[in-house]
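Structure assessment
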Amino acid sequence: MKTLHDFSFENKRALIRVDFNVPLDSNKKVTDATRIEAALPTINYVLDNGGSVVLMSHLGRPKGGFDASFSLEHIVYKLEELIGKKVEFGGDCIGANAIEITKNLAAGSVVLLDNLRFYEEEKKGEIKFADKLAGHGDIYVNDAFGTAHRAHASTAVIANNFIGSSCFGLLMQKELESVRKVMLSPSKPFTAIIGGAKVSSKISIIQNLMEKLDNLIIGGGMSYTFVKAMGGEVGNSLIEEDYVKEAKAILDSAEAKGVRILIPEDSVIADAFSNDANKKTVPSSEIPTGWMGLDIGETAITHYAKCIEVSKTILWNGPMGVFEMDNFQDGTKKIAYSVVAATERGAYSLVGGGDSVAAINKYELKEHVSYVSTGGGALLELIEGKELPGVAAIEK
Ligand code: AMP
């Protein structure tokens, strides 16, 4: 893996693709700087090693052409606060002003270009646009894991302009190392905990994992498609009729491959999709009409926890229930604590992809698992076994 450590940045301009797609409030103030913070180690590494930094990113979904509400100029104040030094705003990412600024950069300087997606050429991956961007740097660094699954000009195509002088940033490096550790050389037993709303969005992940796993734990709304596939009655629970067959195929394939698959034996059911609904615990295969499963039950939690706590590698994607509602968060919360307990006993735990990250943050357990991924779609594609354009472009 080509990393920052393979280069000398002395008097070199590092052109760094970052993911500064941060949420802004109505006054255009940054409400969550996590993504900016995640890029700081790379930025500081280059500065500490005698280089200068040119940052490029997208922000939101501008409809075509410049739109002040999507300008990265709004985040300059936050970046300055976090880096602790002046950041020069280059304006338009390929404009004459930006080119002039980055042409003769003094070591230690930091420049932020404006939103790449003001140009439709970015998403189209146009070579000429990538060529213009490439003029801003001597070494290309990709540290935008969140967009590594896109073959855009700044994430993939541009690497052709930097043969022998491109590498991953420290965030990308950590993300790739953690997912490779889990997918390529997991210590056994290897357990995946897959939850969330829908089977349809997780099917490729499950299929790819099936070759590697010892245990597959299923939770969340997707459980009921599996319960139905096993002939159970699921009442008004979330169900994807079109995927009952796929769920059955997964159950059969698990049996054939010797993967232990855990479906929740019991569920906390509710008579409405509301935190204030009446609730009770029943076997997951005996949910009456008018009721829906919104969390895994106590028996399932106990079995899941036992399995997790003796695992040596754990991958967790998707909550066990509607954890956003406090009355249906028990399963997700207790499973989160089991993952922490296993980690404390030496297991490697990777938590990633959307709502399981939100859950880990809700219970303030981020520092107690091995790694929490910053990439939603990019992480899921890696687990599905796909090659990411942003990764391939540097590795080729
Ligand atoms: P996903 O994005 O597919 O990982 O799904 C996450 C969402 O699934 C969360 O917002 C949860 O509230 C929701 N969810 C989890 N369990 C259930 C359930 N039993 N019924 C309905 N929605 C659920």
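This text gives an overview of the structure that appears in the document. Treat the numbers as computed from the prediction; the structure is a model and nothing was measured. Along every chain, residues carry numbers that run from 1 in the direction the sequence is written. In view of the model being predicted, local features appear only for residues whose pLDDT reaches at least 70, and side-chain atom pairs are presented and counted only at 80 or more, with totals across whole chains, interfaces and linings using the full set of residues. Working from all heavy atoms in the structure, the side-chain values ignore hydrogens and water.

Some remarks on a positive patch on the surface
A surface patch of positive charge is lined by Arg61, Lys63, Lys123 and Arg150. Topologically, arginine 150 is positioned in the loop between β5 (139-142) and β6 (166-168). Distance thresholds for patches are 9 Å for like charges and 5 Å for nonpolar side chains (Val, Leu, Ile, Met, Phe, Trp, Tyr), applied to residues having over 30% relative accessible area and no salt bridge. Areas reported here follow the Shrake-Rupley algorithm with a probe of radius 1.4 Å; residue values treat only the protein chains shown as occluding. Each salt bridge in this description consists of a side-chain nitrogen of Lys or Arg and a carboxyl oxygen of Asp or Glu lying within 4 Å of one another. Charge assignment in this entry is limited to Lys and Arg as positive and Asp and Glu as negative, and neither His nor the chain termini are counted. Lysine's charge is taken at NZ, arginine's at CZ, aspartate's at CG and glutamate's at CD. Helix and strand definitions here come from DSSP, where helices need a minimum of 4 consecutive H or I residues and strands a minimum of 2 consecutive E residues; each element is numbered from the N-terminal end.

Quick notes on the sheet that holds strand β14 (residues 292-296)
In short, DSSP must find at least two bridges between two strands for them to pair. With antiparallel pairing, three strands are arranged side by side in an open sheet as β12-β11-β14. The open sheet terminates on both sides in strands that have one partner only, identified here as β12 (279-283) and β14. Strand-to-strand twist in this sheet, taken as the mean axis angle between neighbours without regard to direction, amounts to 40 degrees. Inspection of the sheet shows strand β11 (residues 266-270) paired to β14 by four bridges, in the antiparallel sense. Across the sheet, valine 268 pairs through a bridge with aspartate 295, a residue of β14. Fitted lines through C-alpha atoms give the axes, limited to the stretch in contact for helices. The angle between two N-to-C directions lies from 0 to 180 degrees.

Some details on the site of the ligand
Distances are taken per atom, and a residue is near a molecule or strand as soon as one of its heavy atoms is within 4 Å of it. Around the ligand, a shell composed of 16 residues is seen, among which Ala197, Lys202, Gly293, Glu324 and Asp355 lie nearest. Within the backbone of glycine 221, one N or O atom sits 3.1 Å away from a nitrogen atom of the ligand. Burial of the ligand by the protein chains amounts to 80% of its free accessible area of 500 Å². Here the term cavity refers to a set of points on a 1 Å grid, laid over the protein atoms alone, in which a 1.4 Å probe fits but cannot get out; the term pocket refers to an open set having protein on both sides within 12 Å along at least five of seven lines, with lining residues being those that place an atom within 4 Å of a point. Molecule-in-pocket calls rest on the fraction of atoms, with more than half required to lie within 2 Å of the cavity or pocket grid points. When atom positions are compared with the pocket grids, the ligand is found to occupy the second largest pocket. The term polar contact refers here to a pair of N or O atoms within 3.5 Å; inside protein, the definition further demands a hydrogen-donor-capable atom paired with an acceptor-capable atom, and it admits residues adjacent in sequence only when both atoms are side-chain atoms.

Notes on empty space enclosed by the protein
Grid points are joined across faces, edges and corners, and a volume is the space filled by probe spheres set on the points. Tallied over the entire structure, the rule returns one cavity of 30 Å³ or more. Lining the largest cavity, in full, are Asp19, Arg35, Ala38, Ala39, Asp143, Phe145, Gly146, Leu171 and Thr374. Of the residues forming the lining of the largest cavity, the biggest block, three residues, is contributed by helix α1 (residues 34-48). Per-class residue counts for the lining of the largest cavity are four nonpolar, two polar and three charged. Residue classes follow a fixed rule: Ala, Val, Leu, Ile, Met, Phe, Trp, Tyr, Cys and Pro count as nonpolar, while Asp, Glu, Lys and Arg count as charged, and any other residue, Gly among them, counts as polar.

Re helix α10 (residues 298-309)
An α-helical turn contains 3.6 residues, so any two residues separated by three or four positions project in the same direction. The length a helix should cover is 1.5 Å for every residue beyond the first. Taking 1.5 Å of rise per residue, 12 residues should cover 16 Å, and α10 covers 16 Å from first to last C-alpha, within 8% of that figure. Those residues of α10 lying buried are Ala300, Ile301, Tyr304, Ala305, Cys307 and Ile308. The buried residues of α10 occupy one face: seen down the axis, they fall within an arc of 165 degrees. Only protein chains enter the area calculation, which uses a 1.4 Å probe; residues under 20% of their type maximum are buried, those over 50% are exposed, and those in between are partly exposed. Think of the arc as the fan of directions from the helix axis to the C-beta atoms.

What about the nonpolar core?
The term nonpolar core refers to a set of buried residues drawn from Ala, Val, Leu, Ile, Met, Phe, Trp, Tyr and Cys, joined through side-chain atoms within 4.5 Å. One finds Phe145, Ile158, Ile206, Leu209, Leu216 and Phe226 to be the most contacted residues of the largest nonpolar core, which totals 73 residues. Examining the composition of this core, we find that six residues originate from one element, helix α6 (residues 170-184), more than from any other. Between two residues, a contact is recorded if the distance between any of their heavy atoms is within 4.5 Å. Residue contacts for isoleucine 206: discarding those within four places in its chain leaves Ile194, Leu216, Ile218, Met222, Phe226 and Ile250.

As for the environment of isoleucine 314
By secondary structure assignment, the location of isoleucine 314 is in strand β15 (residues 313-317). Residues isoleucine 314 and valine 339, spaced 25 residues apart in sequence, show a C-alpha to C-alpha distance of 7.5 Å. Among residues more than four places away in sequence, those in contact with isoleucine 314 are Thr191, Ile193, Ile308, Val339, Ala342, Ala347, Tyr348, Ser349 and Leu350.

This is a description of form; function is not addressed.
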